[in-house]
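Letter by letter, the chains look like this.
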Amino acid sequence: MPRTSPALDRATPEAIALTALRILDEEGPGALSFRALAERLGVSHATVQRRCTDLAGLLDLCTDHLAGQLPEVPAGTGWSEACEQRFGALYRLLTAHPGLLVLRGGRPWLGRQLLARLVEPALADGIAAGMTPAEAMTAYRRMYLLTLGSAAFVDHRDPAGATAASRAAIAALDPDDFPVLTGALADVLPPLTDHEVYHGALRQLIEAARPAGRRPAS
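A brief look at the structure comes next.

Each value, and the rule that gives it
- Residue numbers here run from 1 along each chain, matching the order of that chain's written sequence.
- Whole-chain, interface and lining totals are the exception, using all residues; otherwise, since this is a predicted model, local features are given only for residues with pLDDT of at least 70 and side-chain atom pairs are given and counted only at 80 or more.
- Derived side-chain values reflect all non-hydrogen atoms in the structure, with water molecules and hydrogen atoms excluded from consideration.
- The way it works is that DSSP assigns letters per residue, a run of H or I at least four long becomes a helix, a run of E at least two long becomes a strand, and they are numbered from the N terminus.
- A 1.4 Å probe rolled over the protein chains alone gives each residue an accessible area, and that area as a share of the maximum for its type sets the label: buried under 20%, exposed over 50%, partly exposed in between.
- We call two residues contacting when some pair of their heavy atoms lies within 4.5 Å.
- Here the open area of atoms and residues is found with the Shrake-Rupley method and a 1.4 Å probe, where only the protein chains shown may cover a residue.
- Two residue types count as positive, namely Lys and Arg, and two as negative, namely Asp and Glu; His and chain ends fall outside the count.
- Positions of charges follow a simple convention, taking NZ of Lys, CZ of Arg, CG of Asp or CD of Glu.
- We define a salt bridge as a contact between a side-chain nitrogen of Lys or Arg and a carboxyl oxygen of Asp or Glu at a distance within 4 Å.
- Nitrogen and oxygen atoms within 3.5 Å of one another constitute a polar contact, given that in protein one can donate a hydrogen and the other can accept it, and given that sequence-neighbouring residues count only through two side-chain atoms.
- One less than the number of residues in a helix, times 1.5 Å, gives the span that helix is expected to have.

Structural notes on the overall build of the protein
Phase 1 of the analysis: Scanning the protein for helices and strands turns up 13 helices and zero strands.
Phase 2 of the analysis: Helices (α) and strands (β) of the protein occur, in sequence order from the N terminus, as α-α-α-α-α-α-α-α-α-α-α-α-α.
Phase 3 of the analysis: Referenced to the eigenvectors of the C-alpha coordinate spread, the extents of the protein come out at roughly 70 × 50 × 25 Å.
Phase 4 of the analysis: The buried share of the protein, taken over its 218 residues, is 39%.
Phase 5 of the analysis: Within the protein, residue pairs in contact and separated by at least 24 positions form 67% of the contacts whose partners lie at least 6 positions apart.
Phase 6 of the analysis: Summed over all atoms, the accessible surface of the protein reaches about 12,100 Å², with 56% contributed by carbon and sulfur.
Phase 7 of the analysis: In the protein, 21 side chains carry a positive charge and 24 a negative one; their mean positions are 9 Å apart.

This is the structure in structure tokens:
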């Protein structure tokens, strides 16, 4: 019978991902390390490293864990609605964990769960709606980049703090050099943290990408 390790039993990939996300959410990206993880899990630094190898592996565990929460869109859902469901859910996950976005930076998100829950079905639905594979990938990438950029723009968990910081930065500007920003402060601040800015832009991308033969009659 194979020998089991109590430490590895505690440091499962799911436990590591959940604990890492908790550290990121509670203390910020600067607090995440193998040592901090090991302390919270009650295992050795080497045990965590054995599971993840390096920081990139740890971040992959975290993102794949989150991707597992993306919805499985029911068969027969219209292409536009399916896009809104998938990318809207991704946006909510990303805005809930801004520390993860900071650490991942420009690294590709290629975990199995993300590919299975988002990329593959999004491309398949696009092709079924009349797109070529290249068109489906282009539409996917535009929506993905919009989602990623919108989620990373500010810390959406603290809209009041983000607004206050922006207000202070703009208030310090010379009105002669920045007449629009300083003169329309009350108007330019609300869109910074308004989720509808993202959702409206997503709907515009969806409409623009819809195959011509599938556009609703005017």
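A short note on the pattern of salt bridges
Phase 1 of the analysis: All told, the structure shown has nine salt bridges when counted by the stated rule.
Phase 2 of the analysis: Between Asp60 and Arg104 there is a salt bridge, with the nearest N and O atoms lying 3.2 Å from each other. With Asp60 in helix 5 (residues 55–67) and Arg104 in helix 7 (residues 98–104), this pair connects stretches of sequence that are 44 residues apart.
Phase 3 of the analysis: For Glu196, the salt bridge identified is with Arg203, shortest N-O distance 2.1 Å.
Phase 4 of the analysis: Given a relative accessible area of 40%, Glu196 falls into the partly exposed group.

Comments concerning the environment of Asp54
Phase 1 of the analysis: Examined against the element boundaries, Asp54 turns out to sit in the loop between helix 4 (45–52) and helix 5.
Phase 2 of the analysis: For Asp54, a relative accessible area of 38% translates into the label partly exposed.
Phase 3 of the analysis: Residues Asp54 and Ser33, spaced 21 residues apart in sequence, show a C-alpha to C-alpha distance of 9.9 Å.
Phase 4 of the analysis: Polar side-chain contacts of Asp54 include one of 3.3 Å to the backbone nitrogen of Ala56.

A short note on the environment of Tyr144
Phase 1 of the analysis: With respect to the helices and strands, the residue Tyr144 is situated in helix 9 (residues 133–153).
Phase 2 of the analysis: Residues Tyr144 and Phe87, 57 residues apart in the sequence, show an inter-C-alpha distance of 7.3 Å.
Phase 3 of the analysis: Tyr144 has contacts with Phe87, Leu90 and Trp109, leaving out every residue within four places of it along the chain.

Section: helix 9
Phase 1 of the analysis: An ideal rise of 1.5 Å per residue puts 30 Å on 21 residues; helix 9 measures up with 30 Å between its terminal C-alpha atoms.
Phase 2 of the analysis: The complete set of buried residues in helix 9 reads Ala136, Ala139, Tyr140, Met143, Tyr144, Leu146, Thr147, Leu148, Ser150 and Ala151.
Phase 3 of the analysis: Where helix 9 is buried, its residues touch helix 6 (79–96), helix 7, helix 8 (112–128) and helix 13 (195–209).

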